[in-house]
Amino acid sequence: MTRTALVVGAGIGGLSAALALRRAGWMVRIFEQAASPRELGFGLGLAPNAMAALRELGVADVVRARAYEPRSGELRRMDGTVLIRAELPPGALGGPMLLALRPALHGALLDAVGMDALTPESQATGFTVAGDRVTLHLADGRSAEGHLLVGADGLGSVIRRQLHPTEPPPRRCGIVAVRGAVHGALNHLGGLSAVFYLGPGVESMLVRASDTGIYWYLSLNDALVPAGTRDPAAILALMSPRFDATFRAVTSATDDLRCDDLVDRDAVRFWSRNNVTLLGDAAHPVLPHTGQGAAAAITDAMALAKALDADTNVERALRAYEAERLSKTAALLGQGRRTARIMRTMNPVACYLREAVLRVIPVKTFAKFYVRINRRAGTDRT
């Protein structure tokens, strides 16, 4: 008998889960609340761990062709003073470290899954479990029945809310982030792959993410942002004069902007109940300072499929999936919070020490630190 998995959410985690479960012999149906599944054109890092998982899913070559492997970069003060110019040695991370725009990864996964597996305009409202079956309920009155329900519906997960009805809202970390992507502005990088800026309460990066595209972000201690201001253009207009010509040229050429308060959630004791589970940001939303959000979601998908392939008892398999992933993603959550605290500091002494440390530590040491984060988070797939 072919078992059916219902996946809520057609983001990177949901599509990865669909591919992995299909490879394990499941029939998969994906329910997406949007009329057309899409990812905003902002960037993500794909370390060797993520690429290894994507190879298992059969999409690594497509993604690599659409991404970019950075080699050189500079650390600057906001005024353009260069603190470090560094080259990333080949193999320092155990394989290629790629930067990509989100549509490149999302599009490759969506093409591999196929639109026939997707049901758009399907807003989940909850679920009920009866025996070995689970029913997903939708806002328009429709429902779907399967043997497994995977909540991959992101930070505001409806599935997580039913599993944890008393959980508090997402936790703000005190950082406001403006993000953007632009094509046709590579000349402003002057041959560099990336430029990273630090200042009191300020962190920013411009990084090449495709043959033609640049992804950039500007993260600010929320004390630097006027109360109630979340218009990305207004925040850029406020901060750009403090930056050098490179930053101003790239950001002023950008029309595709977004502004968010960065948030995460405390780790929960469980992700699964009966034949229902969570994955990706629905299970463990982390701050972008980890650089592992996409990799963690993809790794969740592989671990879930492996557990279900090894045990036909769904409830027992989900406990094994949790045992493999829950504590590791909790470690990733903590790492993100610690890094965010360092980066948002406005204390003059702390800023001086941060800059001094970054100036003297070799790039190979940073690479080893990144690899260690992967291991702790369980995303160091090879």
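Quick caveat, the model's predicted, so the values are computed rather than measured.

Assigned secondary structure in the protein consists of 11 helices and 17 strands. Relative to the compact-globule value of 21 Å for 382 residues, the protein shows a C-alpha radius of gyration of 21 Å, a close match. For the protein, the spread of C-alpha atoms along the three principal axes comes to 65 × 45 × 35 Å. Expressed as a percentage of its 382 residues, the buried residues of the protein come to 56%. Partitioning the contacts of the protein with sequence separation of at least 6, the portion at a separation of at least 24 is 74%. Taken as a whole, the protein presents about 16400 Å² of accessible surface, with 52% of it coming from carbon and sulfur. Once the 45 positive and 36 negative side-chain charges of the protein are each reduced to a mean point, those two points are 6 Å apart.

The next thing to look at is the pairing of strand 12 (residues 171–183). In the sheet, strand 12 pairs with strand 16 (residues 256–264) via 8 bridges, with the strands oriented antiparallel. Within strand 16, the residue paired with Val178 across the bridge is Cys259. Bridge count for strand 12 against strand 15 (residues 213–221) is 9 bridges, and the pairing is antiparallel. Note on strand 15: the bridge partner recorded for Ile175 is Asn221.

Summarising the element assignment, Arg160 is placed in helix 5 (residues 158–163). You can call Arg160 buried: its relative accessible area is 2%. A C-alpha to C-alpha distance of 39 Å links Arg160 and Ala253, two positions 93 residues apart in sequence. Reaching out from Arg160, the side chain makes a polar contact with the backbone oxygen of Ala283 at a distance of 2.8 Å.

With that settled, the discussion passes to empty space enclosed by the protein. Applying the stated rule across the entire model yields 1 cavity of 30 Å³ or more. Reported here for the largest cavity is a volume of approximately 80 Å³. Considering the residues around the largest cavity, the lining is formed by 14 residues, among which Ala267, Val268, Ala283, His284 and Thr329 are closest to the centre. Residue contributions to the lining of the largest cavity peak at 4 residues, all from helix 9 (residues 314–344). Taken together, the residues of the lining of the largest cavity break down into 9 nonpolar, 2 polar and 3 charged.

This part takes up the sheet that holds strand 4 (residues 72–77). Here we have 7 strands laid out as an open sheet, ordered 5-4-13-14-15-12-16, and mixed in their pairing. Because the sheet does not close on itself, it has two edges, and the strands there are strand 5 (82–87) and strand 16. Taken over all neighbouring pairs, the strand axes of this sheet differ in orientation by 15° on average, direction set aside. In the packing of helix 10 (residues 348–360) onto the sheet, contacts are made with strand 4, strand 5 and strand 13 (194–199), and the angle to strand 5 comes to roughly 35°.

Once that is clear, we can look at the packing of helix 2 (residues 48–57) against helix 8 (residues 293–310). Direction vectors running N to C along helix 2 and helix 8 enclose 40°, while the axes themselves pass 9 Å from each other. The orientation of helix 2 with respect to helix 8, classified from their angle, is oblique. Considering only the axes of helix 2 and helix 8, their crossing is left-handed. The residues of helix 8 that touch helix 2, namely those facing Asn49, Ala50, Ala53, Leu54, Glu56 and Leu57, are Ala295, Ile298 and Met302.

In this section: the sheet that holds strand 10 (residues 143–146). Read across the open sheet, the 3 strands follow the order 8-9-10; overall the sheet is antiparallel. The open sheet has two edge strands, strand 8 (124–130) and strand 10, and neither has a second partner. Adjacent strand axes in the sheet meet at a mean angle of 20° when their direction is disregarded. Direction of pairing for strand 9 (residues 133–138) relative to strand 10: antiparallel, over a ladder of 4 bridges. The residue bridging Val134 from the neighbouring strand is Gly146, located in strand 10.

Quick look at the pairing of strand 1 (residues 4–8) now. For strand 1, the buried fraction is high: 5 of the 5 residues fall into the buried class. Going residue by residue along strand 1, you find Thr4, Leu6 and Val8 tucked away on one face and Ala5 and Val7 tucked away on the opposite face as well. Relative to strand 2 (residues 27–31), strand 1 runs parallel, the two sharing 5 bridges. By the bridge assignment for strand 2, Val7 is matched with Ile30. A crossover connection joins strand 1 to the parallel strand 2 through helix 1 (residues 12–23); in handedness this β-α-β unit is right-handed. Both strand 1 and strand 11 (residues 148–151) contribute to a ladder of 4 bridges, which runs parallel. Residue pairing for strand 11: Val8 is matched across the bridge by Gly151.

The rules behind the values
Residues numbered from 1 in each chain as written. Predicted model: local features only at pLDDT ≥ 70, side-chain atom pairs only at ≥ 80, totals over all residues. Heavy atoms only, no water. Helix = DSSP H or I, 4+ residues; strand = E, 2+ residues; numbered from the N terminus. Rg over C-alpha atoms; globule rule 2.2 N^0.38 Å. Buried < 20%, exposed > 50% of the residue type's maximum accessible area, 1.4 Å probe, protein only. Contact = heavy atoms within 4.5 Å. Areas by Shrake-Rupley, 256 points an atom, 1.4 Å probe, with all protein chains shown as cover. Lys, Arg positive; Asp, Glu negative; His and termini not counted. Charge placed at Lys NZ, Arg CZ, Asp CG, Glu CD. Pairing = 2+ DSSP bridges. Polar contact = N/O pair within 3.5 Å; in protein donor to acceptor, adjacent residues only side chain to side chain. 1 Å grid on protein atoms, 1.4 Å probe; cavity = no way out; pocket = protein on both sides within 12 Å on 5 of 7 lines; lining within 4 Å. Points joined across faces, edges and corners; volume = space filled by probe spheres on them. Nonpolar A, V, L, I, M, F, W, Y, C, P; charged D, E, K, R; others polar. Axes fitted to C-alpha atoms, helices over the stretch in contact; angles between N-to-C directions. Parallel < 35°, antiparallel > 145°, perpendicular 65-115°, else oblique. Left-handed = near helix turned anticlockwise from the far one by under 90°. Right-handed = clockwise from strand over helix to strand, strands pointing away.

Interpretation in functional terms is not warranted from these geometric data alone.
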